[in-house]
Amino acid sequence: MNQQYWDKARAFHGHACPGLAIGVKVCEAVVEKMGVSPSFDEELVCITENDACGVDAIQAIMGCTMGKGNLIYRPTGKSGYTFIDRKAGRAMRFYCKVRNSGAMTREAYQEHILNAAVDEIFDCQGVKIPEPEPARIFSTITCEVCGEAASENRMRLQEGKKVCLDCFKEYHRGW
Ligand SMILES: [Zn+2]
Ligand SMILES: [Zn+2]
């Protein structure tokens, strides 16, 4: 296992857990299979399919973050992570195929993930996917009900009024 990655991830996440171990292992897989180095530029994009502990490892190690726009959340609820190397124009998806059936303790499972070969933990597949849009700047609109400002792409029209998601009646929580 990569001790440096693990230490970095733990410091960022605040605790050690099997989910974080999966995230650390994804980073190892990305470096090994895609030949990229952990970097903090926006050329490497991650599309994560869950918002669990492992995503913190990806942010801490690979520098893919929400704020920079190179961490995209696509909630399928799967343990799947797609990385796009924009410079090289290639993408790979890593799907975690192991699960703890309960036969192992949490700690043993965590150690197993950290120390196994990348291919034992993930299905690694080259994929062709459209490049996500680079982060866009939206203008700000003031909600005509509550008076708070929100970015225009999140606004709704209700009875002819521009309203925010909090004030929009049919708003469903989440996505
Ligand atoms: Zn955790
Ligand atoms: Zn409002």
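Overview of the structure.

Rules behind the numbers
Residues numbered from 1 in each chain as written. Chains lettered and ligands numbered in written order. Predicted model: local features only at pLDDT ≥ 70, side-chain atom pairs only at ≥ 80, totals over all residues. Heavy atoms only, no water. Helix = DSSP H or I, 4+ residues; strand = E, 2+ residues; numbered from the N terminus. Contact = heavy atoms within 4.5 Å. Areas by Shrake-Rupley, 256 points an atom, 1.4 Å probe, with all protein chains shown as cover. Lys, Arg positive; Asp, Glu negative; His and termini not counted. Charge placed at Lys NZ, Arg CZ, Asp CG, Glu CD. Donors = N, O, S within 2.8 Å, 3.2 Å for Na, K, Ca; no water. Tetrahedral: all angles 85-135°; square planar, octahedral: opposite > 155°, others 65-115°. Buried < 20%, exposed > 50% of the residue type's maximum accessible area, 1.4 Å probe, protein only. Pairing = 2+ DSSP bridges. Axes fitted to C-alpha atoms, helices over the stretch in contact; angles between N-to-C directions. Arc of directions from axis to C-beta. Parallel < 35°, antiparallel > 145°, perpendicular 65-115°, else oblique. Nonpolar A, V, L, I, M, F, W, Y, C, P; charged D, E, K, R; others polar.

## Some words on the overall build of the chain
The number of helices and strands found in the chain is 5 helices and 9 strands. Listing each helix as α and each strand as β along the chain from the N terminus yields α-α-β-α-β-β-β-α-α-β-β-β-β-β. Projected onto its principal axes, the C-alpha positions of the chain cover 60 × 40 × 30 Å. Across the chain, every contact between residues at least 6 apart in sequence was considered, and the portion connecting residues at least 24 apart equals 60%. Per element, the accessible surface of the chain, about 10,200 Å² overall, is 49% carbon and sulfur. Across the chain, the centroid of the 22 positively charged side chains sits 3 Å from that of the 23 negatively charged ones.

## Thoughts on the coordination of the zinc ion (ligand 2)
C143 (SG), C146 (SG), C164 (SG) and C167 (SG) make up the full set of protein donors to the zinc ion (ligand 2), lying at 2.3 to 2.4 Å. Taken together, the 4 donor atoms coordinating the zinc ion (ligand 2) span angles of 104 to 112° at the metal, a pattern that classifies the geometry as tetrahedral. Sequence spacing among the residues donating to the zinc ion (ligand 2) works out to C-x2-C-x17-C-x2-C. Note that C146 is positioned in the loop between β6 (140-142) and β7 (149-151) and C167 in the segment after β9 (161-163), a separation of 21 residues in sequence. Of the residues examined, C146 reaches a relative accessible area of 37% and is grouped as partly exposed.

## So, the sheet that holds strand β4 (residues 90-96)
Spatial strand order, β2-β1-β3-β4-β5: 5 strands in an open sheet with mixed pairing. Either end of the sheet is taken by a strand with one partner, and the two such strands are β2 (71-73) and β5 (122-127). Along the sheet, successive strands turn relative to each other by an average axial angle of 20°, direction set aside. Two elements, strand β1 (residues 44-48) and β2, share 3 bridges in a ladder whose sense is parallel. Across the sheet, the residue bridging to T48 is Y73, located in β2.

## Digging into helix α4 (residues 106-115)
Residues of α4 that are buried: Y109, Q110, I113 and L114. One face of α4 carries all of its buried residues, which in axial projection span an arc of 135°.

## Remarks on the packing of helix α2 (residues 18-34) against α4
Two numbers describe a pair of packed helices, the interaxial angle and the distance between the axes. Running from amino to carboxyl end, α2 crosses α4 at an angle of 0°, the nearest separation of the two axes being 9 Å. With respect to their mutual orientation, α2 and α4 come out roughly parallel. Residue-level inspection shows P18, A21, I22, V24 and K25 of α2 in contact with α4, the latter providing R106, Y109, Q110, I113, L114 and N115. Of the residues belonging to the contact of α2 with α4, the class tally is 7 nonpolar, 2 polar and 2 charged.

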